[in-house]
Amino acid sequence: MELDRLDRDIIGALVEDARATYAEIGAAIGLSASAVKRRVDRLRESGAITGFSARVSPQALGWTTEAYVELFCAGKTKPSDIALAVMRFPEVVSAATITGEADALLHIRATDVRHVERVIERIAAEAFVVRTKSAIVLSRLVDATPGTAVPAERNGSANPA
């Protein structure tokens with residue numbers, strides 16, 4: 001779906017405050033509340049907006065330690081097998097197949113380093129895992145929430161003017 005400037009402005013307003021009313025969004029971008037609602041409904045139906053949720057600080061939940069773990073897998077392990085295995089661990093907050101020597105990269109959040117170590121031990125025990133390589137995060141330098149960056153254009157120009 002092609003997003004026009006108003007669609008991007010609406011998405012930007014919702015990313016900033018998903019609890020904003022249609023009237024508040026409309027006042028900010030120059031549309032009526034009913035026009036904003038129609039556009040939001042269309043954006044949801046098209047899949048451009050996939051849902052609304054609360055963003056909770058991991059620290060508020062006690063998940064103050066995080067690590068990135070590279071998985072090196074046996075043979076031709078299918079990505080779906082990796083996904084099924086790591087989805088069983090609530091500490092794995094994201095996982096992706098990657099280029100390079102490793103087969104996958106996991107992002108783990110846990111209560112402390114010992115908790116991270118236990119999770120890595122359990123993941124390493126999976127039959128397809130040959131070895132792991134991990135890095136503990138010391139401090140976050142940039143921490144953008146996924147979906148908060150709304151590009152100005154899709155034609156390669158990020159110039160907001």
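Asks: Any details on the packing of aromatic side chains? Residues and values, ideally.
Replies: Within this structure, the stated rule accounts for zero aromatic pairs. The ring centre of Phe-72 lies 3.8 Å from the NZ or CZ of Arg-131, which sits over that ring.

Asks: Describe in detail the environment of Ile-29, supporting the description with residues and values.
Replies: The residue Ile-29 is located in helix H2 (residues 22-29) in this model. Overall, Ile-29 belongs to the buried group, its relative accessible area being 16%. Distance in space between the C-alpha atoms of Ile-29 and Ile-10 is 7.6 Å, their sequence separation being 19 residues. Among residues more than four places away in sequence, those in contact with Ile-29 are Leu-6, Asp-9, Ile-10 and Val-36.

Asks: Lay out the side chain of Arg-109 with the relevant residues and their values.
Replies: Within the secondary structure, Arg-109 sits in strand E3 (residues 104-110). Within the structure, Arg-109 has its side chain in polar contact with the side chain of Glu-66 (distance 3.5 Å). Residues within four places of Arg-109 in sequence aside, it is in contact with Pro-58, Trp-63, Thr-65, Glu-66, Glu-91, Val-93 and Arg-140.

Asks: Can you break down the sheet that holds strand E4 (residues 129-136) residue by residue, with the values?
Replies: Strand order in the open sheet formed by four strands is E2-E3-E1-E4, with antiparallel pairing between adjacent strands. The sheet is open, and its two edges are formed by strand E2 (92-97) and E4, each paired on a single side. Across the sheet, the mean angle from the axis of one strand to that of its neighbour is 20 degrees, orientation sign disregarded. Bridge count for strand E1 (residues 65-73) against E3 is seven bridges, and the pairing is antiparallel. Along E3, the bridge assignment pairs Glu-70 with Leu-105.

Asks: Which residues make up the nonpolar core, and what are the values?
Replies: Core analysis: the largest hydrophobic core is formed by 19 residues, its most contacted members being Leu-71, Ile-82, Val-92, Leu-106, Ile-108 and Ile-123. Among the secondary structure elements, those contributing two or more residues to this core are E1, helix H4 (79-86), E3 and helix H5 (113-124). Residues within four places of Ile-123 in sequence aside, it is in contact with Leu-71, Phe-89, Val-92, Leu-106, Ile-108 and Val-129. The next biggest cluster of nonpolar side chains, apart from the first, holds 11 residues, and it includes Leu-6, Ala-20, Ile-29 and Val-40.

Asks: Mind laying out the side chain of Thr-65, listing which residues take part and the relevant values?
Replies: You can see Thr-65 is positioned in strand E1. Classification of Thr-65 by relative accessible area gives buried; the value is 13%.

The rules we used
- Residues numbered from 1 in each chain as written.
- Predicted model: local features only at pLDDT ≥ 70, side-chain atom pairs only at ≥ 80, totals over all residues.
- Heavy atoms only, no water.
- Phe/Tyr/Trp six-rings, centres within 6.5 Å; stacked < 30°, edge-to-face > 60°.
- Lys NZ or Arg CZ within 6 Å of the ring centre and 35° of its normal.
- Helix = DSSP H or I, 4+ residues; strand = E, 2+ residues; numbered from the N terminus.
- Buried < 20%, exposed > 50% of the residue type's maximum accessible area, 1.4 Å probe, protein only.
- Contact = heavy atoms within 4.5 Å.
- Polar contact = N/O pair within 3.5 Å; in protein donor to acceptor, adjacent residues only side chain to side chain.
- Pairing = 2+ DSSP bridges.
- Axes fitted to C-alpha atoms, helices over the stretch in contact; angles between N-to-C directions.
- Core = buried A, V, L, I, M, F, W, Y, C linked by side-chain atoms within 4.5 Å.

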